[in-house]
Amino acid sequence: MHYTETQTAIINRFKKPHISNLDKIPESEIPYWICSCGKILPSKNMTCPDCSATSPRPMCPLDTLDVPTTIEATLITCPLCNEFIHPGNGSHDVTVRSRVTGYLADVTNFNAGKLDELKNRQKNDF
Ligand SMILES: [Zn+2]
Ligand SMILES: [Zn+2]
């Protein structure tokens, strides 16, 4: 999906925030900041050396810079930021996949929670 700059701006202004407690954590206790391009920065008050963007978002203090390489069956979320995390090393840099049963169903009968879950699903190409 490609959005125009105007569309992207309004998405960023009004998209639903994650259920997260990160905004309650003092900036001095945030070890790293993440640019919109994905670059990890040591300070909030930095211009990204890769894309020149400013105002990086806080990286969860419970996240780790170690990228996990194993496949795990356990699904757990971070108690601070509610993102999915690796059960082994706590890395937030994980991909979560769900097995889908092989039939088609009309989603108009889905309740609000299930519909929201469907909308929030990550789409992947294999
Ligand atoms: Zn950047
Ligand atoms: Zn977290």
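Because the structure is predicted, anything quoted here is derived from the model rather than measured. (Residues numbered from 1 in each chain as written. Chains lettered and ligands numbered in written order. Predicted model: local features only at pLDDT ≥ 70, side-chain atom pairs only at ≥ 80, totals over all residues. Heavy atoms only, no water.)

1. Structural notes on the overall build of the chain
- Assigned secondary structure in the chain consists of 2 helices and 5 strands.
- Expressed as a percentage of the 126 residues in the chain, the buried residues total 17%.
- Contacts spanning at least 24 positions in sequence make up 38% of the contacts within the chain whose residues lie at least 6 apart. (Helix = DSSP H or I, 4+ residues; strand = E, 2+ residues; numbered from the N terminus. Buried < 20%, exposed > 50% of the residue type's maximum accessible area, 1.4 Å probe, protein only. Contact = heavy atoms within 4.5 Å.)

2. Overview of the coordination of the zinc ion (ligand 1)
- All of the protein donors around the zinc ion (ligand 1) are C35 (SG), C37 (SG), C48 (SG) and C51 (SG); their distances to the metal are 2.2 to 2.3 Å.
- The site at the zinc ion (ligand 1) holds 4 donor atoms, and with the angles between them running 98 to 116°, its shape is tetrahedral.
- On the primary sequence, the residues serving as donors to the zinc ion (ligand 1) are separated as C-x1-C-x10-C-x2-C.
- Given the relative accessible area of 34%, C51 is considered partly exposed. (Donors = N, O, S within 2.8 Å, 3.2 Å for Na, K, Ca; no water. Tetrahedral: all angles 85-135°; square planar, octahedral: opposite > 155°, others 65-115°.)

3. Thoughts on the side chain of D63
- Relative to the helices and strands, D63 is located in the loop between β3 (57-58) and β4 (76-77).
- Here D63 occupies a buried position and makes no salt bridge, while the nearest side chain of opposite charge, R57, is found at 7.6 Å.
- Within polar-contact distance, the side chain of D63 engages the backbone nitrogen of H92 at 2.7 Å. (Lys, Arg positive; Asp, Glu negative; His and termini not counted. Salt bridge = Lys/Arg side-chain N within 4 Å of Asp/Glu carboxyl O. Polar contact = N/O pair within 3.5 Å; in protein donor to acceptor, adjacent residues only side chain to side chain.)

4. Considerations on a nonpolar patch on the surface
- On the surface, a nonpolar cluster with roughly 250 Å² of combined accessible area is contributed by Y3, I10 and I11.
- Considering the arrangement of structural elements, one finds Y3 in the segment before α1 (5-14).
- Under the relative-accessibility criterion, Y3 is labelled partly exposed at 38%. (Patch = residues over 30% accessible without salt bridge, like charges linked within 9 Å, V, L, I, M, F, W, Y side chains within 5 Å. Areas by Shrake-Rupley, 256 points an atom, 1.4 Å probe, with all protein chains shown as cover.)

5. What to know about the side chain of H92
- Mapping H92 onto the fold places it in the loop between β5 (84-85) and α2 (112-119).
- A polar contact of 3.0 Å, which involves the side chain of H92, links it to the backbone oxygen of G90.
- Ignoring anything within four residues of it in the chain, the contact list for H92 reads C60, L62, D63, C78, C81, E83, F84 and I85.

6. Details of the environment of A73
- Topologically, A73 is positioned in the loop between β3 and β4.
- Note on A73: relative accessible area 84%, which makes it exposed.
- The sequence separation of A73 and V96 amounts to 23 residues, and the corresponding C-alpha distance is 9.8 Å.

7. Some points on the packing of aromatic side chains
- Following the criterion strictly, the structure yields 0 aromatic pairs and no others.
- K114 extends its terminal NZ or CZ atom over the ring of F110, reaching a point 4.7 Å from the ring centre. (Phe/Tyr/Trp six-rings, centres within 6.5 Å; stacked < 30°, edge-to-face > 60°. Lys NZ or Arg CZ within 6 Å of the ring centre and 35° of its normal.)

8. A short note on the pattern of salt bridges
- The full count for this structure, using the stated rule, is 2 salt bridges.
- A salt bridge links K44 to E27; the nearest nitrogen and oxygen atoms lie 2.7 Å apart. Here K44, found in the loop between β2 (40-41) and β3, pairs with E27, found in the loop between α1 and β1 (33-34); they are 17 residues apart in sequence, far enough to count as distant.
- Given a relative accessible area of 31%, K44 falls into the partly exposed group.
- A salt bridge links D50 to K39, with the nearest nitrogen and oxygen atoms 3.9 Å apart. Taken as a pair, D50 in the loop between β2 and β3 and K39 in the loop between β1 and β2 lie far apart in primary sequence, 11 residues in all.

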